[in-house]
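Working through the structure, step by step
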Amino acid sequence: MSTLGEELISNERVALTELVKNAYDADASLVVIRFTGPLEEGYGSIEVWDDGHGMSPETVRDAWMEIATPFRHRAPRSERFGRRVLGAKGIGRFSAARLGAVTAITSRRAGGPEVNIRLDWSDFAAENAYLDQVPVQWNVGAPEVFADNGPARRLFDEVTAAFRTSESQAAWMGSHGTLVRLEGLRQDWETESVESLKRSLSRLLPPAPPAELDVHDQPEFAIYLSFPTGPLDHHTGFVGASEALAHPHYRLIGTIDGNGLADLTMTNLTSGQSETLNQYLFPPHGKAPKCGPLKLDLRTWDLDSASLKEMLNIDLGARNITEVRKLIKDNSGVTLYRDGFRVQPFGEADFDWLRFDLRRVNNPTMRFSNNQVAGFVYISADGNPGLRDRSHREGLIDSPEYEDLKGVLTQAVSRLETWRYGLRRPKGREPGPITVDGPSGAGSDRHGLFQNFTLSSVRDVVNSKYPDDTELSRALEEAQETIDESVEKVQEILSQFSRLATLGALVDVVLHDGRTALTRIAYVLRRLNKLAGRKRDEDEQLASALTKMHVDLTAQEQALDRLFARVEPLSGRRRGRPRALSLQAAIDEAVAVHEGTLEKHGITITVSGEDVTVTADPGDISQVVHNLVGNSIYWLSTLPEGMERTILIETRRTPEDEVDIDVSDSGPGVREEIQEMIFDTYFSDKEDGIGLGLSIAGSVVKDFYDGDLSLVTPGPLAGATFRARLRRRVG
């Protein structure tokens, strides 16, 4: 019982959510959660009241008191409203053990008797006792709590009084429902835990979905919290979605069908600009997603001070930019709703199931962080049967369907990020980094070079001499936020180049240690070969085996040596001296690095054209070709199975005595709306792209060969064609 109850459920917030879900399955329209002090471990109580259909004595005996019955499988929809029920495994009721030492339940169906149950969870701790040996107090009698004018009627009348326009409107007489009373609390309930509970409950049901989504199964269901007089009583009231959710800067709304075809609309709510997206969104494996159809409402914010200042004019209950940021962060996360009700823990601010923060680390210029996204994804049990809950009620079972769900959603988000980048990118700008969003408080843990970029000493003086000057304090706060954002932009850019430098150093270490090991291996192989020669007269079979081993290991040693030669251009070494070389031979060496990946994805690559002799550093040619071919491989891998996957590299000398290297592929090509942005540093249309490949390749061509890197349209193949033109050292 401990495993099914207090140990299976991870925390009290989830346990209360399970009880609310039970009320939902019982066709309740209102749930009241009433806290009675003292709200300290071992004391106080929590009551969960609902106006659902209640339980009969037979239901209590044959379903509630039986573990994991097939009751919900036989009745997958609620009896009155036809809601798709949320409970399926028959163990959610035991979450009560997580909340209190004793559970007392009172329940009644309309017109029937009232059932009372009392469970002391310590009775189940006897190690050698079977369940049928544990005493359970229960009785059936005349209605008291759920009598026509009993405590339940008075409580619900009190809660709903402000919403009734006349006395005749209150048709419910309190004659049915369930009360779960949890005594001897398992934890202290303080401000932080209560606020966490409110946030979690506020997202059980989504805010009103946009009309264009046509989301069904949006039931009438409300949750009311009641706290005793004291420091928590201001939390008393109905649980509702934050007003901040209604005012995003960007919104992505639409559907993705079972084949991956997206019909999405992206809107900038500040300017009113919008764009529609009608295309297939496939997971990384390139096949139609298995997750089933879904509907999506994604809301995002820019977190820089200028963007958030506008939100201060909206009545959000926030006094300054810091509080606006906190509101957005508290409501961030992508929530998953099945048949109108939330799947835990999707939507929790710290449950980054779409890896927003990891993607942002790779490319902070373009990507959203988890704390600036609030999303609502709608699925159904019938339409998405492969998306199944874990037994402990938190998350979905890892499956191909779940991976595909994450894949198509990440692609949809990537499209919004790309569109947003284009809107924020100044027209006619030179390629390079744009303004990026930064979380607040960057100055609080700053080190080294940036540690003195703070106004803390000024703030101390102001707080000391002008403690009541709120205008001055606010001005200082906003100035510090601006400094923090600017510093973080610089830090993010430095971090990118630091990672590149670290990669080069890492390659240097691998080359040094690897070649040292190869030298040792070559020495041992020579001794092995000599041993084989000496043993040939004594034991021909042993000598043959040693010779074969020598040949095989020598081949592997040579393969490693070739691999080291191919990755050497990516190291942190200084550039070598340019020398005359065959351009196609250098290209072949660069392409060879991708040999395994090309084979894995079934990609054919051809190098053709005029084999030009150029004066160049082989590492430069390798770096350019490596980046261009790597891009082609990525986009070709996204094509559905069965489609042609081809890369063509052509070299030529132009009449102007310039040298061109064209890399063309049969992939999806570069979308017209992003063609002018693809050479920007940190711009990437890949889901997890860093946005440095084309920028680095272009810099090599321009800086060392007075050339340029361009997108050629049309090219010899149906996808993208990039041309690296070399003008210097091409003789």
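As a starting point, this report considers the structure included with it. No experiment lies behind these values; they were computed from the predicted model shown. (Residues numbered from 1 in each chain as written. Predicted model: local features only at pLDDT ≥ 70, side-chain atom pairs only at ≥ 80, totals over all residues. Heavy atoms only, no water.)

**Re the pattern of salt bridges**
- The tally for this structure, following the rule as stated, stands at 35 salt bridges.
- Two residues, Arg 342 and Glu 348, come together in a salt bridge whose shortest N-O distance is 2.6 Å.
- Residue Glu 348 is classed as buried on the basis of its relative accessible area of 13%.
- Lys 406 is the salt-bridge partner of Glu 403, the closest N and O atoms lying 3.1 Å from each other. Of this pair, Glu 403 and Lys 406 both sit in helix α10 (residues 400-424), three residues apart, roughly one helical turn.
- The exposure class assigned to Glu 403 is partly exposed, which follows from its relative accessible area of 41%.
- What you see here is one network of salt bridges that share partners, running through Glu 650, Arg 652, Glu 658, Asp 660, Asp 662, Asp 708, Arg 723, Arg 725 and Arg 727. (Salt bridge = Lys/Arg side-chain N within 4 Å of Asp/Glu carboxyl O. Buried < 20%, exposed > 50% of the residue type's maximum accessible area, 1.4 Å probe, protein only. Helix = DSSP H or I, 4+ residues; strand = E, 2+ residues; numbered from the N terminus.)

**Here's the deal with helix α17 (residues 693-705)**
- Look at α17: 18 Å from first C-alpha to last across 13 residues, which is about the 18 Å you get at 1.5 Å a residue.
- Taken together, the buried positions of α17 are Leu 694, Ser 695, Ala 697, Gly 698, Val 700, Val 701 and Tyr 705.
- Positive phi appears at Asp 706, one or two residues downstream of α17, with a value of about 50 degrees. (Expected span 1.5 Å × (residues − 1).)

**What about the sheet that holds strand β17 (residues 604-609)?**
- What the five strands build is an open sheet, ordered β17-β19-β20-β22-β21; its pairing is mixed. Looking along the sheet, the strands with just one partner apiece sit at the ends: β17 and β21 (708-711). With strand direction ignored, the average angle separating the axes of adjacent strands in the sheet is 15 degrees.
- By the bridge criterion, four bridges tie β21 to strand β22 (residues 721-726) in an arrangement that is antiparallel. What sits directly across from Ser 710, in β22, is Arg 723.
- Lying over the sheet, helix α16 (residues 618-637) contacts β17, β19 (646-653), β20 (659-665), β21 and β22, oriented at roughly 150 degrees with respect to β19. (Pairing = 2+ DSSP bridges. Axes fitted to C-alpha atoms, helices over the stretch in contact; angles between N-to-C directions. Contact = heavy atoms within 4.5 Å.)

**Comments concerning the packing of α16 against α17**
- At a minimum axis distance of 9 Å, the contact between α16 and α17 shows a crossing angle of 150 degrees. Judged by the inter-axis angle, α16 sits roughly antiparallel to α17. Two packed elements cross with a definite hand, and for α16 against α17 that hand is left-handed. For the pair α16 and α17, contact is made by Asp 620, Gln 623, Val 624, Asn 627, Leu 628 and Asn 631 and by Gly 693, Leu 694, Ile 696, Ala 697, Val 700, Val 701, Phe 704 and Tyr 705, respectively.
- Considered class by class, the residues forming the contact of α16 with α17 number nine nonpolar, four polar and one charged. (Parallel < 35°, antiparallel > 145°, perpendicular 65-115°, else oblique. Left-handed = near helix turned anticlockwise from the far one by under 90°. Nonpolar A, V, L, I, M, F, W, Y, C, P; charged D, E, K, R; others polar.)

**Here's the deal with the pairing of β19**
- In terms of strand pairing, β17 meets β19 through six bridges, oriented parallel. From the neighbouring strand, Gly 609 faces β19, where its bridge partner is Thr 651.
- Bridge analysis of β19 against β20 gives seven bridges, and the strand direction is antiparallel. Bridge pairing links Arg 653 to Val 659 in β20.

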